[in-house]
Amino acid sequence: MTQDDIYTQLKDIIKIYLPEDVSVDKITLESHLINELNINSSHLVDVVLDVEDAFDIEIKDQELEEMDTVKTAIAIIEKKLNN
């Protein structure tokens with residue numbers, strides 16, 4: 001699975017949890033999930049659960065704390081898929 005494939009799938013997951021005032025177009029690699037995309041902490045947990053299901057991986061608490069941008073989320077997913 002390429003980085004672009006992961007990004008596309010991740011973007012589809014994230015867009016479900018965006019507040020009404022944030023457009024899907026704002027999701028970029030550099031987007032901060034909480035500060036820029038306004039995903040609240042409970043929805044962030046939902047994003048992680050959906051990511052775990054979609055990619056068949058397990059994200060540990062420490063990795064969740066590191067997952068602050070779309071780019072870091074992709075890096076964590078990619079690392080898990082390659083192990």
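Above: the structure in question.
Tell me about a negative patch on the surface, residues and numbers included.
A contiguous patch of negative charge on the surface is contributed by Asp61, Glu65, Glu66 and Asp68. For Asp61, the position within the fold is in helix H3 (residues 61-66).

I'd like to hear about the environment of Glu30, residue by residue, with values.
As for its placement among the helices and strands, Glu30 is situated in the loop between helix H1 (3-16) and helix H2 (41-55). In sequence terms Glu30 and Asp68 are 38 residues apart; their C-alpha atoms lie 9.6 Å from each other. With residues near it in sequence (within four places) discarded, Glu30 still touches Glu36, Thr69 and Lys71.

I'd like a rundown of the packing of H1 against helix H4 (residues 70-82), residues and numbers included.
Where H1 contacts H4, the two axes come as close as 10 Å, and the packing angle between them is 120°. The orientation of H1 with respect to H4, classified from their angle, is oblique. Relative to H4, H1 is oriented so that their crossing is right-handed. On H4, the residues touching Gln3, Ile6, Tyr7, Leu10 and Ile14 of H1 are Val70, Ala73, Ile74, Ile77, Glu78 and Leu81. Here the residues of the contact of H1 with H4 sort into nine nonpolar, one polar and one charged.

Tell me about the nonpolar core, and please be specific about residues and values.
Counting 25 residues, the largest nonpolar core has Leu10, Ile14, Leu33, Leu37, Val51 and Val70 as its most contacted members. Excluding anything up to four places from it in sequence, Ile14 contacts Ile27, Leu33, Leu37, Ile39, Val47 and Val70.

Basis of the calculations
- Positions within a chain are numbered from 1, following the residues in the order the chain's sequence is written.
- Per-residue local features are limited, in this predicted model, to residues with pLDDT of at least 70; the limit for side-chain atom pairs, both in listing and counting, is 80 or more; totals at the level of whole chains, interfaces and linings are taken over all residues.
- Hydrogens and water molecules were not included; the side-chain quantities draw on all heavy atoms of the structure.
- In this scheme, patches are assembled from residues that exceed 30% relative accessible area and form no salt bridge. Like charges are connected within 9 Å, while nonpolar side chains (Val, Leu, Ile, Met, Phe, Trp, Tyr) are connected within 5 Å.
- Surface accessibility follows the Shrake-Rupley procedure with a 1.4 Å probe radius. Residue values consider only the protein chains on display as shielding.
- Put simply, a salt bridge is a Lys or Arg side-chain nitrogen that is within 4 Å of an Asp or Glu carboxyl oxygen.
- Only four residue types enter the tally: Lys and Arg on the positive side, Asp and Glu on the negative side; His and the chain ends are excluded.
- Working definition for charges: the position is that of NZ of Lys, CZ of Arg, CG of Asp or CD of Glu.
- Starting at the N terminus, helices and strands are each numbered in turn, a helix being any DSSP run of H or I of at least four residues and a strand any DSSP run of E of at least two.
- Every residue pair with non-hydrogen atoms within 4.5 Å of one another is taken to be in contact.
- Axes here mean lines fitted to C-alpha atoms, for a helix over just the part in contact, with angles spanning 0 to 180 degrees between N-to-C directions.
- Any angle that is under 35 degrees is reported as roughly parallel, and any over 145 degrees as roughly antiparallel; angles of 65 to 115 degrees are reported as roughly perpendicular and all others as oblique.
- Note: crossing handedness is left-handed where the near helix turns anticlockwise from the far helix by less than a right angle, and right-handed where it turns clockwise.
- Amino acids are sorted into nonpolar (Ala, Val, Leu, Ile, Met, Phe, Trp, Tyr, Cys and Pro), charged (Asp, Glu, Lys and Arg) and polar (every other residue, Gly among them).
- Side-chain atoms within 4.5 Å link the members of a nonpolar core, which is a set of buried Ala, Val, Leu, Ile, Met, Phe, Trp, Tyr and Cys residues.
- Per-residue accessibility, obtained with a 1.4 Å probe over protein chains only, is compared with the maximum for each type, and a residue is labelled buried under 20%, exposed over 50%, and partly exposed between these values.

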